[in-house]
Amino acid sequence: MKLLRYGPVGAEKPGLLDADGNIRDLSAYVADISGAMLDDVSLGRLRALDPSSLPLVSGNPRLGACVTGFTKFMCIGLNYSDHADEMNLPYPEHPVLFIKANSAVVGPNDDVVMPRGSTTTDWECELGVVIGKAAKYVSEEDALDHVAGYCICNDVSERTFQNKLSGQWTKGKSCDTFGPTGPWLVTRDEIADPQALGMSLEVNGKRMQTGSTATMIFTVRQIVSHLSQLFTLHPGDVISTGTPPGVGGGMKPPTFLKAGDVMELRIDGLGIQRQEVRADD
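If you're wondering where the values come from, they're calculated on a predicted model, not measured in any experiment.

Rules and cut-offs
Residue indices follow the written sequence of each chain, beginning from 1 at its first position. The model is predicted, so local features are restricted to residues of pLDDT at least 70 and side-chain atom pairs to those at 80 or more, both for listing and for counting; the totals for chains, interfaces and linings are taken over all residues. Side-chain measures here rest on the full set of heavy atoms in the structure, leaving out hydrogens and waters. Each helix corresponds to a stretch of at least 4 residues labelled H or I by DSSP, and each strand to a stretch of at least 2 residues labelled E; elements are numbered beginning at the N terminus. Radius of gyration here uses only the C-alpha atoms, and the compact-globule reference equals 2.2 Å multiplied by the residue count raised to the power 0.38. Only protein chains enter the accessibility calculation, which uses a 1.4 Å probe. A residue is then buried if its area is under 20% of the maximum for its type, exposed if over 50%, and partly exposed in between. Residue contacts are defined here by distance: any two heavy atoms, one from each residue, within 4.5 Å place the two residues in contact. UniProt positions are given in the numbering used here, feature names are shortened, and annotations may be inferred rather than shown by experiment. Side-chain atoms within 4.5 Å are what join buried Ala, Val, Leu, Ile, Met, Phe, Trp, Tyr and Cys residues into a set we call a nonpolar core. When we speak of the arc, we mean the arc of directions from the helix axis to the C-beta atoms. Strands pair, by our definition, only if DSSP identifies at least two bridges between them.

Here's the deal with the overall build of the protein chain
Turning to step 1, where the next piece is worked out: When its secondary structure is counted, the protein chain shows five helices and 17 strands.
Turning to step 2, where the next piece is worked out: Taken against the 2.2 N^0.38 rule, which gives 19 Å for 281 residues, the C-alpha radius of gyration of the protein chain at 18 Å falls within 12% of a compact globule.
Turning to step 3, where the next piece is worked out: Along the three orthogonal principal directions, the C-alpha set of the protein chain runs to about 55 × 45 × 30 Å.
Turning to step 4, where the next piece is worked out: When each of the 281 residues of the protein chain is scored for burial, the buried share is 55%.
Turning to step 5, where the next piece is worked out: Contacts in the protein chain between residues far apart in sequence, at least 24 positions, make up 75% of those at least 6 positions apart.

Brief notes about the UniProt feature "domain: Fumarylacetoacetase-like C-terminal" (unreviewed entry) in the protein chain
Turning to step 1, where the next piece is worked out: In the numbering used here, UniProt assigns the feature "domain: Fumarylacetoacetase-like C-terminal" (unreviewed entry) to residues 72–277.
Turning to step 2, where the next piece is worked out: The distance from the first to the last C-alpha atom of residues 72–277 is 25 Å, and the span holds 14% helix and 34% strand.

Focus on the nonpolar core
Turning to step 1, where the next piece is worked out: Tyr150, Val224 and Ile239 are the most contacted members of the largest nonpolar core, which totals 50 residues.
Turning to step 2, where the next piece is worked out: Leaving out residues up to four positions away in the same chain, Ile239 has contacts with Met74, Ile76, Leu127, Gly128, Val129, Ile131, Ile223, Val224, Leu227 and Leu233.
Turning to step 3, where the next piece is worked out: In terms of nonpolar packing, the next biggest core, distinct from the first, is built from 26 residues, Leu43, Ala65, Phe70 and Leu185 among them.

Section: helix α1 (residues 40–47)
Turning to step 1, where the next piece is worked out: Among all positions in α1, only Ser42, Leu43 and Leu46 are buried. Take α1 and look down its axis: the buried residues cluster within an arc of 95 degrees, on one side only. In α1, the exposed positions angled more than 90 degrees off the buried face are occupied by Val41 and Arg45.
Turning to step 2, where the next piece is worked out: Looking at the packing, one finds that the buried side of α1 touches β1 (2–6), β10 (147–154) and β12 (179–187).

Remarks on the pairing of strand β13 (residues 198–203)
Turning to step 1, where the next piece is worked out: Among the six residues in β13, five count as buried, and that is most of the element.
Turning to step 2, where the next piece is worked out: Bridge count between β13 and strand β14 (residues 206–212): six bridges; the pairing is antiparallel. Of the residues in β14, the one forming a bridge with Leu201 is Gln209.
Turning to step 3, where the next piece is worked out: The turn linking β13 back onto β14 is made up of two residues, and Asn204 within it adopts a positive phi angle of 55 degrees.
Turning to step 4, where the next piece is worked out: Bridging between β13 and strand β16 (residues 262–267) involves five bridges; their strand directions are antiparallel. Following the sheet pairing, Val203 is matched in β16 by Met263.

Thoughts on the pairing of β10
Turning to step 1, where the next piece is worked out: Along β10, eight of the eight residues are buried, which leaves the element largely enclosed by surrounding structure.
Turning to step 2, where the next piece is worked out: Bridge count for strand β9 (residues 125–131) against β10 is seven bridges, and the pairing is antiparallel. The residue bridging Gly128 from the neighbouring strand is Cys151, located in β10.
Turning to step 3, where the next piece is worked out: Looking at chain direction, β10 and β12 are connected through four bridges and run antiparallel. Within the sheet, the bridge partner assigned to Tyr150 lies in β12 and is Val186.

Pasting the structure below:
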């Protein structure tokens, strides 16, 4: 299934995407797309529905982030071997973890707003993992049983805030609108292998990132298992798992976003995001 949230900011409704690409309303069956309905039993009930029996949503409504109400939005840094190579950095021995503020999360096609003083705002196309069942001390073998599904995340980053404000990454990762998530949550039964997904990002129609989850240093299984040894992963929690090469900060000379730029992100089977960049008022 492809689960989504549609409607104005703060008033999104739950829906799913049918086989013809139409949005169908799920309000009669779930209150929202959140951790409370992402366990296998609840997803099984939704999967048993005939999409054609659900109300058809007309027009082209705004899409919100594909999941809401999560307790944590976690990010894994430097997790692609080819990205580490382009940055001239050694591979980490363990997953590098930082937190992106939940308030940064927006819809997949909402504007990305550069904060005041920003001159080095960058892009990062990433595979998002959404937890469906609480995970505590889980093994790598069982890790994917705790995953509800996958989505696209754009880990937008202000590099000066990230690297020069005392080297605290969260400062450059948590600005408002720096977490476009969606367009939909694709349940794990539709993704045969999360380590075999092609991914790309374009800015103004020019390809910047081309990669594959096959070059992850730490796989989805390893990440979920590792984090679960440190704290409980709750249903709905999001893990953004790192980015392939082609970020602006790795270019020579470095290239960063400016007002009016348009980013377009793709991951195999997970849809497309599109964001216009603007400066904060």
